[in-house]
Amino acid sequence: MTTPELPRYSIAVLLPCYNEGLSIASCVISFRKALPGARIYVYDNNSTDDTAQQAAIAGATVITCRRQGKGNVVRQMFADIEADIYIMADGDGTYDASAAPQMIEALLRDRADMVVGTRRNITEDAGRRGHALGNNAFNMIYRAMFGRDFTDIFSGYRVFTRRFAKSFPAHSAGFEIETEMSVHASTLRLPVTEMELDYGRRVEGSKSKLSTFRDGFRILSMMAMLLKETKPLVFFGLIAAALFGACTVLMTPITLEFFATGLVDRIPTVMLSMTLLVGAMLSLSCGVILDSVSRARIEQKRIFYLSQAPARGERAFFGAQPIEEREAPAAVRGTGF
């Protein structure tokens, strides 16, 4: 698909920003050049520099989000903006705007609901070896918990269909929002694809807003919470296994001593072991019950996701009318007799 064919769809470029005054103008201009027909929105998240002014001068529509945190910005963006295709990127200029048409082409060609621009050579390009190591570690944890759909769950360069954007709950407040997006797609088994892209450096004087340890802990906590919500049997099963293991360790020497002497001297240890055993049984019972509840919730999410598809045409917007034509007044569409 060539760029002139893209105006058939309503395309929105969404750029969440916090103190990106040094790079946002060039970022907006790059996306305007790559996608001339797209609407570009810059969501200013309480910046203390001239981010909003620079974005407006570059031709973007600037909207203020008062709730601090990238997750809060993404929630507002998806609620505010109506489009057929959404492109989300950071305003720091590290993502290649010229790749946006190819990502849209992949979305349409693969009939996917999300395309993730994975970061090539993140250590060399971005100059953050510690972040790169953490990125690899979290990707391994994600694959162990939720499956192998993604190789770079922290990439902020993504393309979405309308029904993904409108069905995504967005509970996260901060940088863990990309993890939640990935889990949402994996849980509902949505069609996704990845495209490897170069990842550049920030402009001179621009600083990353990501805190290695604080945000790393938040992301790990979000993963644990999402595992509890989407796979409660696994989550509570692991807790039950840990409690049962501790019970076994404590009871083994007492049991051996009982068979040898017929006596039980360490009564407090026995009571603690039985408490751990009861806790393990309760935890496993909770996992079994909540697993049924989780399956029902996933079914409801899936039904709501499907309800976002257009009434006419193929799935999502593939082969369907653009959003402007779907929303035409009844007098223009005809009476339908």
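Residues numbered from 1 in each chain as written. Predicted model: local features only at pLDDT ≥ 70, side-chain atom pairs only at ≥ 80, totals over all residues. Heavy atoms only, no water.

Trainee: Just to check I follow, could you spell out the overall build of the chain for this structure?
Mentor: A tally of helices and strands in the chain yields 13 helices and 7 strands. Expressed as a percentage of the 337 residues in the chain, the buried residues total 45%. In the chain, once contacts between residues fewer than 6 apart in sequence are set aside, the share between residues at least 24 apart is 76%. Taken as a whole, the chain presents about 16900 Å² of accessible surface, with 60% of it coming from carbon and sulfur. (Helix = DSSP H or I, 4+ residues; strand = E, 2+ residues; numbered from the N terminus. Buried < 20%, exposed > 50% of the residue type's maximum accessible area, 1.4 Å probe, protein only. Contact = heavy atoms within 4.5 Å. Areas by Shrake-Rupley, 256 points an atom, 1.4 Å probe, with all protein chains shown as cover.)

Trainee: So what exactly am I meant to see when it comes to the pattern of salt bridges here?
Mentor: Should the charged atoms of two oppositely charged side chains come close, the side chains can pair. Enumeration over the complete set of coordinates arrives at 11 salt bridges. As a salt-bridge pair, D110 and R109 come within 3.3 Å of each other at their nearest N and O atoms. Residue D110 is classed as partly exposed on the basis of its relative accessible area of 34%. A salt bridge links R295 to D291; the nearest nitrogen and oxygen atoms lie 3.1 Å apart. Of this pair, R295 and D291 both sit in helix α11 (residues 267-307), 4 residues apart, which is roughly one turn of that helix. Looking at R295, the relative accessible area reads 56%, which means it is exposed. Sharing partners across several salt bridges, the network here consists of K70, D90 and E178. (Salt bridge = Lys/Arg side-chain N within 4 Å of Asp/Glu carboxyl O.)

Trainee: Quick question: what am I supposed to make of the pairing of strand β5 (residues 114-120) here?
Mentor: Where a strand is regular, its side chains alternate between the two sheet faces. Counting buried positions along β5 gives 6 out of 7 residues, so the element sits mostly inside the fold. As paired strands, β5 and strand β6 (residues 158-161) are joined by 3 bridges and run antiparallel to one another. Bridge pairing in β6 places M114 opposite F160. Relative to strand β7 (residues 192-198), β5 runs parallel, the two sharing 7 bridges. Of the residues in β7, the one forming a bridge with R119 is L197. (Pairing = 2+ DSSP bridges.)

Trainee: How should I be thinking about the nonpolar core in this particular structure?
Mentor: Looking at soluble globular proteins, one finds that nonpolar side chains tend to be buried together. One finds L14, F78, F160, F164 and M181 to be the most contacted residues of the largest nonpolar core, which totals 38 residues. In contact with M181, not counting residues within four places along its chain, are V74, F78, M88, M114, R158, F160, F164 and F168. (Core = buried A, V, L, I, M, F, W, Y, C linked by side-chain atoms within 4.5 Å.)

Trainee: Even after reading the chapter, I still don't get the layout of surface pockets, so can you show me in this structure?
Mentor: Summary: where empty space remains is shown by rolling a probe the size of a single water molecule over the atoms. Approximately 390 Å³ is the volume attributed to the second largest pocket. If you go around the second largest pocket, you meet 13 residues; those closest to its centre are R189, T230, K231, R295 and I298. Of all the secondary structure elements, the ones that give two or more residues to the lining of the second largest pocket are α8 (177-188), α10 (232-261) and α11. Top contributing element to the lining of the second largest pocket by residue count: α11, with 5 residues. For the lining of the second largest pocket, the residue count by class is 4 nonpolar, 4 polar and 5 charged. (1 Å grid on protein atoms, 1.4 Å probe; cavity = no way out; pocket = protein on both sides within 12 Å on 5 of 7 lines; lining within 4 Å. Points joined across faces, edges and corners; volume = space filled by probe spheres on them. Nonpolar A, V, L, I, M, F, W, Y, C, P; charged D, E, K, R; others polar.)

Trainee: For this particular structure, what's the right way to read the packing of helix α1 (residues 24-34) against helix α2 (residues 51-58)?
Mentor: Two quantities define a packed helix pair, namely the angle between the axes and the distance from one axis to the other. Two elements in contact, α1 and α2, have axes whose closest approach is 8 Å; the angle formed by their N-to-C orientations is 30°. Classified by the interaxial angle, the pair formed by α1 and α2 is roughly parallel. For the crossing formed where α1 meets α2, the hand is right-handed. Every residue of α2 that contacts α1 at I24, A25, V28 and I29 is listed here: T51, Q54, A55 and A58. Broken down by class, the residue content of the contact of α1 with α2 amounts to 6 nonpolar, 2 polar and no charged. (Axes fitted to C-alpha atoms, helices over the stretch in contact; angles between N-to-C directions. Parallel < 35°, antiparallel > 145°, perpendicular 65-115°, else oblique. Left-handed = near helix turned anticlockwise from the far one by under 90°.)

Scope: geometric values only; no functional claims are made or implied.
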